[in-house]
Every structure is written in structure tokens, then in C-alpha cells.
Amino acid sequence: MDLQNMHETLQTLRQTFRAGGTAGIEWRRSQLLALGKFLHEQEREIADAVFRDFGKSSAETFLTESGFIDGEIRYALGRLKKWMKPERVPIPLYYYFGKAEVQREPFGVVLIIGAWNYPLNICLAPLVSAIAAGNCAVVKPSEHAPCTSNIIAEGLSRYLDSSAFAAFQGGVEETKALLQERFDFICYTGSRQTGKEIMLAASRTLTPVLLELGGKCPCIVEHDANLRIAARRIVWAKFLNAGQTCIAPDYVLVHRDAEKELIRLMKEELARFYGNDPKASPDYPRIINERLFDRLAELIRDGIPEAGGDIDREGRYIAPAILSGVSIDAPLMQEEIFGPLLPVLVYNSLDEAISITRKNPDPLALYLFTSNSSSRGKVLSATRSGGFCSNDLLFQSAIHDLPFGGVGMSGFGRYHGKAGYEAFSYERSVLYRSLYPDPRLRYPPYGRNKFSLLRRIVTLFG
Ligand code: NAD
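The model shown is predicted, which means the values in this text are computed figures rather than measured ones. (Residues numbered from 1 in each chain as written. Predicted model: local features only at pLDDT ≥ 70, side-chain atom pairs only at ≥ 80, totals over all residues. Heavy atoms only, no water.)

Student: Go over the packing of aromatic side chains with me, naming the residues and quoting the values.
Tutor: Each aromatic ring pair is described using two quantities: the centre-to-centre distance and the angle formed by the ring planes. Under the criterion given, the structure shown has 15 aromatic pairs. Taking the centre distance of 5.5 Å and the plane angle of 75° together, the rings of Trp 116 and Phe 338 count as edge-to-face. Here Trp 116, found in the loop between strand 3 (109-113) and helix 5 (121-132), pairs with Phe 338, found in the loop between strand 13 (321-324) and strand 14 (341-347); they are 222 residues apart in sequence, far enough to count as distant. Take Trp 116 and Phe 338: they sit in the same class, and that class is buried. Each ring, one from Tyr 274 and one from Tyr 284, has its centre 5.2 Å from the other, and the planes form 65°; the classification is edge-to-face. Of this pair, Tyr 274 sits in helix 10 (residues 259-274) while Tyr 284 is found in the loop between helix 10 and helix 11 (290-299), placing the two residues 10 residues apart along the sequence. For Tyr 274, a relative accessible area of 8% gives the class buried. Owing to a relative accessible area of 1%, Tyr 284 belongs among the buried residues under this scheme. Ring pairing ties together the aromatic residues Phe 107, Phe 185, Phe 424 and Tyr 426, which thus form one cluster. Cation over ring: Arg 79 sits above Tyr 75, and NZ or CZ is 3.7 Å from the ring centre. (Phe/Tyr/Trp six-rings, centres within 6.5 Å; stacked < 30°, edge-to-face > 60°. Helix = DSSP H or I, 4+ residues; strand = E, 2+ residues; numbered from the N terminus. Buried < 20%, exposed > 50% of the residue type's maximum accessible area, 1.4 Å probe, protein only. Lys NZ or Arg CZ within 6 Å of the ring centre and 35° of its normal.)

Student: I'd like a description of the side chain of Ser 142, backed by residues and values.
Tutor: Residue position: Ser 142 is located in the loop between strand 4 (136-140) and helix 6 (146-159). One polar contact links the side chain of Ser 142 to the main-chain amide nitrogen of His 144, over a distance of 3.1 Å. Apart from the residues lying within four places of it in its own chain, the contact partners of Ser 142 are Gly 114, Ala 115, Trp 116 and Ser 149. (Polar contact = N/O pair within 3.5 Å; in protein donor to acceptor, adjacent residues only side chain to side chain. Contact = heavy atoms within 4.5 Å.)

Student: Go over helix 2 (residues 25-41), please, and point to the residues and values.
Tutor: Under the 1.5 Å per step criterion, the end-to-end length of helix 2 is 24 Å for 17 residues, consistent within 8% with the ideal 24 Å. Those residues of helix 2 that fall on the buried side of the exposure criterion are Trp 27, Arg 28, Gln 31, Leu 32, Ala 34, Leu 35, Gly 36, Phe 38 and Leu 39. (Expected span 1.5 Å × (residues − 1).)

Student: Describe the site of the ligand, and please don't skip the residues or the numbers.
Tutor: With respect to spatial proximity, 30 residues lie near the ligand, and among them Gly 114, Ser 142, Glu 143, Leu 213 and Glu 336 are the closest. Separating an oxygen atom of the ligand from a side-chain N or O atom of Glu 143 is a distance of 2.7 Å. Contact distances for the ligand include 3.2 Å between a nitrogen atom and a side-chain N or O atom of Glu 197. Relative to its unbound accessible area of 850 Å², the ligand is 92% covered by the protein chains. Taken together, the elements giving at least two residues each to the shell around the ligand come down to helix 7 (172-179), strand 6 (185-189) and helix 8 (192-203). Its residues placed into classes, the shell around the ligand shows 13 nonpolar, 11 polar and six charged. (Near = heavy atom within 4 Å. Areas by Shrake-Rupley, 256 points an atom, 1.4 Å probe, with all protein chains shown as cover. Nonpolar A, V, L, I, M, F, W, Y, C, P; charged D, E, K, R; others polar.)

Student: How would you explain the pairing of strand 2 (residues 98-106) if you had to name every residue and give the values?
Tutor: On any regular strand, side chains alternate: one points to one face of the sheet, the next to the other face. Here strand 1 (residues 87-89) pairs with strand 2 via three bridges, running antiparallel. The residue bridging Arg 88 from the neighbouring strand is Glu 101, located in strand 2. Relative to strand 18 (residues 425-433), strand 2 runs antiparallel, the two being bridged by nine bridges. Bridge pairing in strand 18 links Glu 105 to Tyr 426. (Pairing = 2+ DSSP bridges.)

Student: Quick one: what's the story with the packing of helix 2 against helix 3 (residues 43-54), residue by residue and with numbers?
Tutor: Closest axis-to-axis distance for the helix 2/helix 3 pair is 4 Å, and the angle between their directions is 70°. The angle between helix 2 and helix 3 places the two elements in the roughly perpendicular class. In contact with Phe 38, Leu 39, His 40 and Glu 41 of helix 2, helix 3 contributes Glu 43, Glu 45 and Ile 46. The class makeup of the residues in the contact of helix 2 with helix 3 is three nonpolar, one polar and three charged. (Axes fitted to C-alpha atoms, helices over the stretch in contact; angles between N-to-C directions. Parallel < 35°, antiparallel > 145°, perpendicular 65-115°, else oblique.)

Student: Give a detailed account of unusual backbone geometry, specifying residues and quantitative values.
Tutor: Here the residue pair Tyr 436 and Pro 437 is connected by a cis peptide bond, since its omega of 0° sits within 30 degrees of zero. With respect to the helices and strands, Pro 437 occurs in the loop between strand 18 and helix 15 (448-461). A cis amide bond links Pro 444 to the next residue, Pro 445, at an omega of 5°. You can see Pro 445 is positioned in the loop between strand 18 and helix 15. Within the chain, Phe 338 stands out as a residue other than glycine whose phi angle is a positive 60°. Phe 338 sits in the buried class, given a relative accessible area of 18%.

Honestly, it's all geometry; don't read function into it.
Shown next, in the form of C-alpha cells:
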């Protein structure tokens with residue numbers, strides 16, 4: 001990345017924003033439509049790029065990336081006018097006459113820093129929110145998915161207004177250089193460790209941040225659950241993207257009475273999805289790079305493979321692995337796995353399961369399979385997580401109306417749908433006052449009688 005060029009581009013973006021052209025609904029709409037056009041016209045090229053990065057199938061790329069972003073665009077287009085309307089709020093009687101409202105205003109020039117695991121989705125879904133809210137934006141895709149990073153950069157310059165949007169490619173050094181510049185808002189998706197560095201860099205200019213981080217998402221399976229459907233859905237959610245999903249079930253906690261049957265069914269479903277040799281399946285992706293592969297190859301030793309676990313470093317392939325006999329103190333249970341290893345741990349009571357989940361607090365998502373609504377209520381009230389889904393997985397992030405984000409160590413701030421529009425705007429409190437009445441009562445001097453009258457009015461109407 002050429003630093004001089006970066007600086008000049010940012011100045012252009014800032015001038016565009018100041019000129020006010022991005023504020024109108026027509027401009028926002030035109031840019032959302034242009035982004036949609038990019039996704040449609042380049043669908044095959046996008047799918048090829050993601051495939052070259054880590055062997056993800058075009059079906060998975062459509063379902064989890066381009067199709068979702070397209071849905072976000074259509075959702076925003078249909079509601080933009082309503083979202084942009086100022087929100088009237090009532091005012092107390094003694095402030096009459098006047099009108100008060102909340103106006104959602106764009107921040108200005110925002111920075112979107114993406115991770116590699118959903119390389120398109122993580123950059124462009126926040127961009128939809130940024131455009132809808134009337135911002136200019138810089139997108140920094142992940143260097144670990146270079147083909148997707150290229151196509152994003154090309155797509156933005158070809159389809160969007162280049163005086164308002166830019167993509168900068170590169171790695172850590174380039175991101176650090178970008179962070180030396182002043183932005184009005186930063187949306188970061190990636191690891192906790194880097195999240196802290198982003199926040200530190202943002203604090204220099206008091207820039208607000210939205211952090212989408214990771215965590216260890218538990219999936220609890222009660223003895224009264226429908227085990228066939230639980231097994232099918234867990235296997236699907238875990239091994240999609242080869243386990244490299246921030247909201248994938250990191251580990252399963254199963255009631256002792258259901259353990260054997262759940263493992264048997266999960267093995268069956270696994271074979272149904274990917275065949276007896278997942279390496280030959282066109283639907284099973286690879287690990288993004290050798291560094292992550294080596295980490296996973298080490299972690300896999302912490303369990304007994306009930307299924308899968310074969311590894312091939314050259315092909316960055318790890319067969320989807322279901323692991324039993326994992327100790328709660330093993331390295332596998334200390335940090336987010338972020339790969340196709342599924343530890344299955346056993347519990348005796350729901351209280352015990354809940355206390356195990358607390359060893360890794362604040363996951364991005366928590367899952368529960370049960371047919372008992374009081375068990376569901378108990379888990380919901382006794383735990384904390386960015387999202388929750390019972391009797392299924394991942395779909396809480398696919399519903400445009402549900403804000404998406406973490407809590408505590410898994411991040412803060414929300415986006416998707418209206419939450420995204422709000423995240424990329426600031427709320428301006430606006431009061432329109434009439435000049436009259438203008439009673440002397442509000443102004444000094446405040447004698448004893450005046451003060452006592454004022455106190456009565458404020459207490460009565462305030
Ligand atoms: P990554 O290595 O691609 O890094 C993300 C971005 O940060 C990249 O653009 C990279 O250039 C930049 N970066 C890395 N180190 C930096 C530094 N020191 N200073 C400045 N910028 C730096 O991705 P990752 O961190 O490996 O991502 C995986 C993590 O992201 C997992 O923990 C996963 O759970 C999480 N994640 C969260 C979500 C979510 O929505 N909450 C979504 C996807 C991934």
C-alpha cells in the first residue's frame with residue numbers, strides 16, 4: 001500500500017463527505033444497488049476467489065456470504081426511508097412550545113477491518129450498514145484470503161462511487177498504517193488480541209469502535225432433545241466452513257444419558273454430508289493457512305477421535321473430527337478452536353453444564369437442544385452470550401431483524417439490518433424551540449419564592 005496514495009484517498013473521501021452528497025436517500029440507494037450489482041454480476045468470480053483461498057464451495061459461499069449480503073441490501077433498501085425519519089420524542093409541559101426529535105446522522109469516514117474466515121461477508125455486510133447510514137468508507141479485507149481481498153478491492157473501485165469508497169489491501173503493517181489516520185468510526189472483526197490493539201489505536205483519536213470478536217460457543221444437548229435433528233444440525237453448523245466460523249459450536253456438552261446415541265448419530269450424519277472420504281467432497285473446505293493448521297494438528301491430540309481427524313499438511317486438510325474423552329483442563333478447552341474439531345463432553349445435570357460454560361465466559365453464541373421450556377429458561381437466565389439459539393444453530397445471525405454481536409470478551413456493538421444502520425450512525429438530539437413564552441421565572445435572580453415555585457413546577461412536570 002502506498003502511504004501517500006492512502007492519505008490522498010482519505011482526503012478525497014473526507015471532502016466527499018463534507019460536501020454532503022452522501023446524506024441523501026437517493027445516493028445511498030444508488031450505492032446499495034451498485035453493491036448488489038457487483039454481487040450478481042461477479043457471482044462466479046467471487047465464488048472462484050473464495051474457493052481459491054480455502055476450498056469453500058460456491059454453494060456455501062452463496063449461502064453464507066454473497067446471498068446473505070444481498071439479503072441485507074434488499075432489507076435496507078426496503079426500510080431506508082423509514083430508518084432515516086427523525087424519531088419524535090415527547091417533551092415535558094414546561095418546555096412548551098417546542099419539538100424534540102432524535103436524528104440519526106452518519107459518522108463520516110468509517111473504517112471496516114475484516115477477518116479472513118467469511119472474507120466477503122465480514123467486509124461487505126458492515127459496508128451495507130455504512131452506506132445505508134450515509135457514510136464514506138474504507139474497507140480493509142484480510143490478507144489471509146488474498147483472492148477474495150483482490151476481488152473486493154476491484155469490485156468496490158469498479159461498481160461504487162470511488163470518491164466515497166476505497167479498499168486497501170495488505171497485512172498487519174498496512175492496517176497499522178491505516179490506524180494512524182483519523183477515522184470517525186471503526187468496525188473491526190477478528191481475534192480478541194487484535195481487537196485490543198484496534199481499540200488502543202482508536203483511543204488516540206477517541207474514535208468509537210464496534211468490535212466483533214471470537215469466543216468459545218457451547219452447545220448443550222439435554223437428554224430430552226430430539227437427538228437425530230440435534231446431531232444433524234450440530235454437524236452441519238460445526239463443519240460448515242471447516243469449523244472456521246466465529247459462531248460455530250465450539251464444543252458439545254451432552255447429558256450422560258444421551259452421549260452414546262448423539263455421537264452415533266453425529267457420525268452417521270457426517271458420513272451422509274461428506275461421504276466416507278471428506279477429502280474428496282466438493283463441499284468440505286480447507287484450513288486457511290499452515291499456522292492455523294499446525295495449531296489444530298496439535299489440539300487434536302487432546303481427544304479420542306470418534307470420527308475423522310486424519311490430517312494432510314500439504315493440502316491443509318483436517319478430516320471433520322468428533323472427539324471424546326476430552327478433559328475440561330486440556331488446551332483444546334482453553335481457547336476458541338476455530339477449526340473442524342468437535343469435543344464432546346458429558347455432564348450429569350444442567351447446573352453442571354452451565355457451570356462448565358462459565359469457564360469460558362461471554363461466548364458469541366450459546367446453543368441448547370431441549371424439548372423442555374423450563375430448561376431453556378434456566379439456561380437463558382443463568383448464562384450470558386452475544387446470541388442464543390435453541391434447537392438449531394447459526395440462524396440467529398441470518399435474521400436481518402436480530403442484531404448481531406458479542407458481549408464482554410466477544411466484543412461489543414451490533415450490526416445487521418436496522419442495528420447496523422444504527423451502529424454506523426450517531427444519534428443527534430435536536431430540539432426546536434419557539435421564542436415564546438419566555439417567562440422571567442427561568443432567569444436569575446432566584447429569590448426564595450421564585451426558587452420554591454420553580455422547584456414545585458420541576459417536581460410536578462419534570
Ligand atoms: P485476521 O488475521 O484476518 O485479522 C483480522 C484483520 O485484522 C485483518 O484485516 C488483519 O490485517 C488485521 N490485523 C491483524 N493483526 C493486526 C494488528 N496487530 N494490528 C492491526 N491490524 C491487525 O483474522 P483473525 O484475527 O485470525 O480472525 C479470526 C477471529 O475472528 C476468530 O477469533 C473469530 O472468532 C473472529 N471472528 C469474529 C466474527 C464476529 O462476527 N464476531 C466473525 C468472524 C471471525
